[in-house]
Structure formats: structure tokens, C-alpha cells
Amino acid sequence: MTATTDFDAVVIGAGNAGLTAATTLQQAGLRTFLVERHNIPGGCATSFRRGRFEFETALHQLSGVGLEGQPYTLRSMFEKLGVADRLEFVREHDLYRAVVPGHYDVTLPADWGGALDALEAAFPGNRARVESFFALVRDVMFGYVSVLRRTPAADIDPVLFRQALRPMKDVLDDHFDHPGIKSVLGMYWSYIGQPPSRLAFHEMALLLYGYFEFKPWHIKGGSQAMSSVLLDAFVMAGGQVRFNTAVEAILTEGRRVVGVRLDDGQQVSTRDVVSNASLPVTYAMLGDDAVPTAVRDDLATRRVGPSAFVLHMGLDASPADLGFTTSTTFINADLDDDRVFASWRSLEPARGICVSSYDVEPIGFAPPGANHVSLLTLQYGDLWEKVPPAEYARTKFAYAQTLLDLAETTMPGIRDAIEEVDVATPLTVARYLGHPGGAIYGYDQDRTESWLFRNSERDTHVTGLHLAGSWAGSGGFQPTLEAGHRVARRLLRAKAA
């Protein structure tokens, strides 16, 4: 065994939360060691090349950026970390195009008034109802902000307590009779991984408010550009990073972190570990005897969330040639969201897809006249774990055809334009991320996972162990990037106390 090396903090995993946590700690003066099992930083926030194309792995729309002169929380965090001026943000002018063939085809502009007009044009006679719904979205958002600011409960608008935890479906039913308009307004539910019947309204309210008020964005050079500048900032501040290396064990004495052991046998001493790995993997690193009973009891009540099935495609045709009018298009087979959700546990033809064109507002990954597109549907990973290895390739490509079939209903000719394609299943995601089931949002983000009921991020029951990322809170890019920064600042405050 090699000699022990001392650090003030060790960060496990160079995903979104790991990168922001490590950079925040190092820039504050803590000697920080970042350990990543892959050979590049980013986790989900990476890209890869095939032929003439570079493919964005996971980022579809980035929230939290805000406009110049009106920065939202994510842009402000990037400014604090000194990387904002090294990122070129690409604004998307529409939230999304929502299509259910035979029922509707509606594009929602990324502003309240434009969306109101579009919905009234598609579903006449609903203007006042939409205005009322949008007002409720804003009220719940403002109530949520009041909670974050620790406003006394008596001074918070009671609408938050009446509406926040209600199912999104019930709130939509309160406002609308037409099933089409309810379907359009709830279409972002796949970004959270729970259908409106199971999704807490406040989750959708935060999502809609963030995108309407501060717009959806992407990054020139993709999410890999963001990961790279964060790593550069960490290294420039004096941080040390090791790739192709896994943490094998988190070492404790009396339920207090004292170090980590790497997969090559090296022991690194530290009093603080920030884990960007999943909760099951993190606590497994402690060893059975060191996992607190409270943690065991908590994890036993939680359900691993969905993973993703994705076609990354390089198309030898421009977006206009194929009928792309927005960067993001949701296509569902019908109006039954619960049926779409149920299909994630089967290999029946895909019933709902998110189609992302990264060249309507180009991010620089496709050559002129071409188009970089992803087709994504969510699926639970245990489904693919049951596919016999001898049947895996056939099953994967047969299922991929069903995504193309659904895409062809709105973008005819997309299949014939394919020049490059790479197909990823939940097993692919699990292999690269190291997450149980390849889960991309951590645990199921239903109402039982609300911040009102669980706080895995704050209380690990092991002194010196800190959790950052989707498995300890909300999934998605903005939440995980900000989680790492938040956890690091909390650790710094504790050290200064």
C-alpha cells in the first residue's frame, strides 16, 4: 500500500454536483481531491463523436441561466465560480412544441403572453382559465421562495400549503375541461420522471416559472464545455484530480469520516467527503457495519427512478428540411399520460418521446446543412436487466425503431436522413454513470421525495459525509449543479464556525 496523502476534502465523482462542489471548496482554500471513475469530467454532462458529428449526451434545456442583466441562480453561481465569461449560452425562444397526432400540434413560446395566445388559438375559449393557471404557478413559486428565505409560516401565502403537494393532474382538472390543453401544459412531466397524477404541483410550477421567466438555454459546445471549464477552474485554483480511479471505501472511526481507500489500494486521509455518487453506492462504500440504522430504514422506503433510452443521431439534412421548428418537441401517442408512464416498464412501442434538435439554435455539433438530433424516452432499468444477453442487440434496435416510428408522425423523412446513430439503453446509462438501474433522476421524484419530507442532503448520520446530487435531492442539470455549490458552502460554514 502506498503512503497516505492528506486533503481537507475528497469529492467522489466529477458529475455536475461533484464539479461545482470541488471547485467551490478549492477556491475557498480547502485542499481538495476530486476522484472520477471515468476518463473525462461531467457524468451526464458530456459529449462524444461519431463521424462528422459530436453528440450531446443528456442536456436538453438548461434552466436557471436568466437573461443578461437579469441573471437567475445558475448564471450567478457560474459568475461566483469565475466561469460565466467562458461559457457561451444559446437561448431557445420556445419552450417546446407538443404534439399528439390527431389531437393537437401546439408550440409554446418562452414567454407568458405568447404562450397564452398560442393556447387560446389552439383551444379557443380558455384564455381566462390559462391566465388563472399561470397566476397560480407564479403564486406557488413565490411561496416556495419565501420558504427558502426562511419566512415565518404565518407570513407565507397560504396558497403554497393548499396547492404545492396536490397532484399536478388535480390542479389541471380544477382549471380546464379540455383534455388537450391539460396535456400540453403538463408536457414537461417527463423532465421530472413522474406523470401528472403522481407529480407534486409545486415541482411543475417551479419548472414552468423558471423556463417562462428566465428562458430555456443551451451551451455552445454542449454540456461538455461546461464540465471542462468547471474542471479547469478547479485545477487552476490548485485542486488535484484523478481520472480512471474509483473510491472503493469511505473510511470511518466512530461514525466519523477519516479518509477514503482508492481502487488501487491507496488510502487518502480527510475529514470531509462529498459524494456525487448515488446513495446506495455511497453507503455501500461505508461497509455494512458502518451504515446507520436510520439510513437503512430510509433507503428501504425509496424507489429507484427511471433511466433513459436514447437515439443519438447525425442527420444529413437541415432542421428545416425535416420540419423542425423548435429545439424541443414532445410527441405522445395519445392523451393518456398514465399509459405513457406505464409503458416505461415494458418493451411495447414507445408512447412518448422528447425530440431535441441541437441545430435549430445551433450549439456547434453538426456541420453546415446537417442536424444533430436525439430521440429520448424514459424507461426503468430493471426491464433491460431481464433481457438475455443473446437478445440484447436485437431487442435494442427493434425498440429503437419504435421511437423513429413516433418521430416520423411529425418529422417525416427523419429515418431516411440518418448518417450516424448511436443507441443507448438504461444498461448503457448505468455503465457510464454507475447508478443503480441507470437512474438519471435518482429516486422516483414523486410527492414522497419532496423536500418537505426528506432531507438526505443535510443529514447523512455520518459526521464528515456530505451528499450532493440528484440522489439526495432533485434531478436535472440546474438542481444538481447548484446542489454541489450549496453543499460545499454549507461545509465551509461548518468549518468556520
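Here, every reference points to the structure presented above.
Now for a description of the structure that goes with this document.

The strands making up a sheet associate through hydrogen bonds between their backbones, and the pairing can be parallel or antiparallel. Reading across the sheet, the seven strands line up as β10-β9-β18-β19-β20-β17-β21 and stay open at both edges, with mixed pairing between neighbours. Since the sheet does not close on itself, it has two edges, and those belong to β10 (104-109) and β21 (418-424), each with one partner. Averaged over all adjacent pairs, the angle separating strand axes in this sheet is 15°, with direction ignored. Note that strand β19 (residues 352-357) and strand β20 (residues 371-379) share four bridges and pair antiparallel. Its bridge partner lying in β20, cysteine 354 is registered against leucine 376. Sitting on the sheet, helix α14 (residues 389-408) is in contact with β17 (307-315), β18 (328-332), β19, β20 and β21, with an inclination near 70° to β17. Strand contacts of helix α15 (residues 426-433): β17, β20 and β21, with the helix running at about 95° to β17, the strand carrying the most contacts.

The residue lysine 215 is not glycine, and still its phi comes out positive at about 70°. Along the polypeptide, lysine 215 turns up in the loop between α8 (201-214) and β11 (217-219). We note that arginine 255 has phi near 55°; this positive angle belongs to a residue other than glycine. Positionally, arginine 255 belongs in the loop between β13 (247-252) and β14 (257-262). Look at arginine 255 and you get partly exposed, because its relative accessible area is 44%.

The five strands are arranged β12-β3-β2-β16-β22 in an open sheet whose pairing can be described as parallel. Unpaired on one side and paired on the other, β12 (240-242) and β22 (465-467) mark the two borders of the sheet. Going from strand to strand, the sheet's axes swing by 20° on average, the running direction of each strand aside. Of the strand pairs in this sheet, strand β3 (residues 32-35) and β12 are connected by three bridges, and their pairing is parallel. Within β12, the position partnered with phenylalanine 33 by the bridge is glutamine 240. Where helix α1 (residues 16-27) meets the sheet, its contacts fall on β2 (9-12), β3 and β16 (273-275), and the angle it forms with β3 comes to roughly 165°.

Time to look at the pairing of β2. Burial of β2 is two-sided: the residues Ala9 and Val11 facing one way and the residues Val10 and Ile12 facing the other way are all buried. As for the winding sense of the linkage, the β-α-β connection from β2 through α1 to β3 is right-handed. Pairing between β2 and β16: three bridges, direction parallel. Paired with isoleucine 12 across the bridge in β16 is serine 275.

One pass over the full model with this rule turns up 31 aromatic pairs. Residues tyrosine 188 and tyrosine 191 carry aromatic rings whose centres are separated by 4.9 Å and whose planes lie at 35° to one another, so their mutual orientation is tilted. Comparing tyrosine 188 with tyrosine 191, the two get one shared label, buried. Look at tryptophan 384 and tyrosine 392: their rings are 6.0 Å apart centre to centre, the planes differ by 80°, and that puts the pair in the edge-to-face class. Tyrosine 392 carries the same exposure label as tryptophan 384, and that label is buried. The rings of Tyr72, Trp112, Phe133, Phe134, Phe142, Phe176, Phe201, Tyr209, Phe212 and Phe214 are connected pair by pair, giving a single aromatic cluster. The side chain of arginine 345 reaches across the aromatic face of tyrosine 380, ending 3.7 Å from its centre.

Cut-off values and rules
Residues numbered from 1 in each chain as written. Predicted model: local features only at pLDDT ≥ 70, side-chain atom pairs only at ≥ 80, totals over all residues. Heavy atoms only, no water. Pairing = 2+ DSSP bridges. Helix = DSSP H or I, 4+ residues; strand = E, 2+ residues; numbered from the N terminus. Axes fitted to C-alpha atoms, helices over the stretch in contact; angles between N-to-C directions. Contact = heavy atoms within 4.5 Å. Buried < 20%, exposed > 50% of the residue type's maximum accessible area, 1.4 Å probe, protein only. Right-handed = clockwise from strand over helix to strand, strands pointing away. Phe/Tyr/Trp six-rings, centres within 6.5 Å; stacked < 30°, edge-to-face > 60°. Lys NZ or Arg CZ within 6 Å of the ring centre and 35° of its normal.

None of the figures reported here should be taken as evidence of function without further support.
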